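# Tertiary structure, described
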Amino acid sequence: MSVIQEIFLIFAERGESAYFGEPVSQLEHALQSAAMARQAGAPNSLCVAALLHDVGHLIHGESETIADEGIDARHETAGEAWLATWFGPSVTEPVRLHVDAKRYLCRVDSDYLAHLSPASLQSLELQGGPFDSEEAQRFESNPFFADAVSLRRWDDAAKIPGMETPPIEHYRGAIAAALKTN
Ligand code: FE
């Protein structure tokens, strides 16, 4: 099975699960994130990163109430590790950094923190809370810093019940184009 088939299968089998305390499914959340990246004119690899940023949740198969149990599943690391077999850093790094981007934005943007959803606020604590100024500075020096922050903003916005988006098949070519060539 090709990785594209595998990705489609993962979303077909598990994408209907709820997105942790949010009013959309995992599949809707992924499709909205990707559509917002496209809409913003993001490069292809970043659109693919947006589509697949939460794949770590799906491959884990952890329960929907995991944060209620006080567990941080480290889905960003699981997702990055899974994706790294097929994709280069322009896909895997924004995925790996999308939780750090939230901790960063909570530090530098008080408005951002004030508008986090209850579920996202709950997981923030498990993820280590807002960055301190030193951590924020270190984060800004990462070459994928800006991509990770962009991805995070789409991630936070991609929770709109009933939003119309292209289906996942729409991204077949985009995924193929983002695959590592070696
Ligand atoms: Fe997400």
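Above this text you will find the structure in question.
Presented here is an overview of the structure given in this document. Computed from a prediction, not measured in an experiment: that's the story for all the values here.

Let's shift gears to the pattern of salt bridges. According to the stated counting rule, one finds 6 salt bridges in the structure shown. When the shortest N-O distance is used, the salt bridge between aspartate 109 and arginine 153 registers 3.2 Å. Taken together, the residues span a long stretch of sequence, with aspartate 109 in the loop between helix H7 (98–108) and helix H8 (110–114) and arginine 153 in helix H11 (residues 145–157) at a distance of 44 residues. Residue classification places arginine 153 among the partly exposed positions, given a relative accessible area of 39%.

A separate point is the environment of aspartate 111. Considering the arrangement of structural elements, one finds aspartate 111 in helix H8. What makes aspartate 111 partly exposed here is its relative accessible area of 48%. As for aspartate 111 and alanine 18, which are separated by 93 residues in sequence, their C-alpha atoms are 26 Å apart.

Quick look at the nonpolar core now. Ranked by size, the top nonpolar core spans 36 residues in total, and within it Ile7, Leu51, Phe87 and Ile175 carry the most contacts. Listing elements by their share of this core, those giving two or more residues are helix H1 (3–14), helix H2 (26–39), helix H3 (44–52), helix H4 (55–60), helix H5 (75–83), helix H6 (89–96), H11 and helix H12 (172–178). Setting aside residues up to four positions removed in sequence, leucine 51 forms contacts with Phe11, Ala30, Leu31, Ala34, Ile168, Tyr171 and Ile175. Counting 15 residues, the second largest nonpolar core, distinct from the first, contains Leu105, Cys106, Tyr112 and Phe139.

Moving on to the environment of glutamine 122. Relative to the helices and strands, glutamine 122 is located in helix H9 (residues 118–126). Glutamine 122 gets classed as partly exposed once you look at its relative accessible area, which sits at 35%. In the structure, glutamine 122 is positioned 22 residues away from aspartate 100 in sequence and 15 Å away in space, judged by C-alpha atoms.

Attention now moves to the packing of aromatic side chains. Taken as a whole, this structure holds 5 aromatic pairs when the rule is applied. Ring plane angle 85° and centroid distance 5.2 Å describe the contact between tyrosine 104 and phenylalanine 145, whose orientation is recorded as edge-to-face. Placement of tyrosine 104 in helix H7 and of phenylalanine 145 in helix H11 is noted, with a sequence separation of 41 residues between them. Comparing tyrosine 104 with phenylalanine 145, the two get one shared label, buried.

Right, let's talk about the environment of arginine 103 for a bit. In this structure, arginine 103 sits in helix H7. The sequence separation of arginine 103 and valine 24 amounts to 79 residues, and the corresponding C-alpha distance is 23 Å. Side-chain polar atoms of arginine 103 contact the backbone oxygen of glycine 128, separated by 3.4 Å.

What follows concerns the packing of H3 against H11. Two numbers describe how H3 lies on H11: the axes approach to 10 Å, and their chain directions differ by 45°. Considering their axes alone, H3 and H11 lie oblique with respect to each other. The crossing of H3 and H11 is right-handed. Residue-level contacts link Leu46, Ala49 and Ala50 of H3 to Asp147, Leu151 and Trp154 of H11.

What counts, and at which threshold
- Residues numbered from 1 in each chain as written.
- Predicted model: local features only at pLDDT ≥ 70, side-chain atom pairs only at ≥ 80, totals over all residues.
- Heavy atoms only, no water.
- Salt bridge = Lys/Arg side-chain N within 4 Å of Asp/Glu carboxyl O.
- Helix = DSSP H or I, 4+ residues; strand = E, 2+ residues; numbered from the N terminus.
- Buried < 20%, exposed > 50% of the residue type's maximum accessible area, 1.4 Å probe, protein only.
- Core = buried A, V, L, I, M, F, W, Y, C linked by side-chain atoms within 4.5 Å.
- Contact = heavy atoms within 4.5 Å.
- Phe/Tyr/Trp six-rings, centres within 6.5 Å; stacked < 30°, edge-to-face > 60°.
- Polar contact = N/O pair within 3.5 Å; in protein donor to acceptor, adjacent residues only side chain to side chain.
- Axes fitted to C-alpha atoms, helices over the stretch in contact; angles between N-to-C directions.
- Parallel < 35°, antiparallel > 145°, perpendicular 65-115°, else oblique.
- Left-handed = near helix turned anticlockwise from the far one by under 90°.

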